[in-house]
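A structural walkthrough
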Amino acid sequence: MASPLRGLWSVVPCLCLLLAAPARLHAASEVVLLSEIMYHPVELPAFDTNGLPVLDLSEDVHEFIELYNPGATTVNLFGWQLTGGISFDFPSGASIAAGQYLVIAKDPVQLAAVWQYGLTTNNLLGPYSGHLGNSGDTVRLKNNLGQVVDDMPYSPAFPWAIGANALGAADEWTGLNSADYQYMGRSLERVSFSWPASDPANWL
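Rules used in this analysis
- Residues numbered from 1 in each chain as written.
- Predicted model: local features only at pLDDT ≥ 70, side-chain atom pairs only at ≥ 80, totals over all residues.
- Heavy atoms only, no water.
- Helix = DSSP H or I, 4+ residues; strand = E, 2+ residues; numbered from the N terminus.
- Buried < 20%, exposed > 50% of the residue type's maximum accessible area, 1.4 Å probe, protein only.
- Contact = heavy atoms within 4.5 Å.
- Areas by Shrake-Rupley, 256 points an atom, 1.4 Å probe, with all protein chains shown as cover.
- Polar contact = N/O pair within 3.5 Å; in protein donor to acceptor, adjacent residues only side chain to side chain.
- Pairing = 2+ DSSP bridges.

Some thoughts on the overall build of the protein chain
Regarding its fold elements, the protein chain presents five helices and twelve strands. A burial count over the protein chain gives 36% of its 204 residues as buried. A fraction of 60% describes how many contacts in the protein chain between residues 6 or more apart in sequence connect residues 24 or more apart. A total of about 11,300 Å² of accessible surface is found on the protein chain, and carbon and sulfur atoms cover 59% of it.

Structure representation (C-alpha cells):
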C-alpha cells in the first residue's frame with residue numbers, strides 16, 4: 001500500500017505541471033490499459049479434402065491484444081502505438097469509449113472467424129506487424145505524446161501463468177483435449193486495473 005506521505009509530496013510537482021502545461025497534462029491523463037494478451041493460441045494443423053493446409057500457421061495468426069478504458073470519457077486513440085514484439089499505429093478515427101474494451105488482432109479476419117469470440121471485423125482493429133513471442137516478450141502502449149501508458153513484460157514460465165502458452169503442456173499432462181481449444185486457448189487476463197501490468201501476480 002502506498003504511503004500517505006508519498007501522495008502528499010506528489011501534489012507539488014503535479015501543481016507545477018498543471019500551471020506550466022495544462023494541455024499536455026490533459027492529454028497525458030487519458031489512460032487506456034492492457035487487459036488481455038493472447039500470445040500463443042492453440043493452432044493445430046488442419047487440412048482440406050485435398051490434403052492442403054487450411055491456414056498458414058507459420059506464425060500464430062490468432063494472436064490478439066485487448067485494451068480497456070477505465071476512465072469516464074472516450075479516448076481518441078489516433079497517434080497512439082503498440083510497440084515491443086509487435087508494432088501497430090492506431091488509425092484516424094480509432095477510439096475507445098469509457099468502460100469499454102477494444103481488441104487489436106494479428107489477423108482480424110481469422111480472429112472474427114472464431115465464432116466463440118462473438119467478434120466481427122467491424123469491431124476489431126489490426127493487423128499489426130511482428131508477433132507476440134511465445135518464449136516471452138514485452139507489450140507497450142504509448143499515447144500520442146510518445147509516453148508509455150502501460151507496459152507488460154511477460155514470460156511462458158513461472159511466476160507467469162504457464163497455461164497461456166498454448167495450454168502450457170501436452171494433453172497427456174494437462175488432461176485437456178487441445179482440439180477443443182483450436183484457434184483459442186488460454187489468454188493472460190488482467191486481475192486489477194489499479195495494479196501494475198508488470199506484476200505476474202496481476203495476470204491469470
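Examining the environment of Ser35
Residue position: Ser35 is located in strand β1 (residues 33-38). Overall, the relative accessible area of 4% leaves Ser35 in the buried class. For the pair Ser35 and Arg190, spaced 155 residues apart in sequence, the C-alpha to C-alpha distance is 5.1 Å. Here Glu66 takes part through its side chain, which lies 2.8 Å from a polar atom of the side chain of Ser35.

What about the pairing of strand β10 (residues 137-142)?
In the sheet, strand β4 (residues 81-84) pairs with β10 via four bridges, with the strands oriented antiparallel. Along β10, the bridge assignment pairs Leu82 with Leu141. In this antiparallel pair of consecutive strands, β10 and strand β11 (residues 148-154), the connection spans five residues, and Gly146 shows a positive phi of 80°.

Quick word on the sheet that holds strand β5 (residues 86-89)
Spatially, the five strands line up as an open sheet ordered β9-β5-β4-β10-β11, and their pairing is antiparallel. The two strands at the open ends of the sheet, each matched to only one other strand, are β9 (129-130) and β11.

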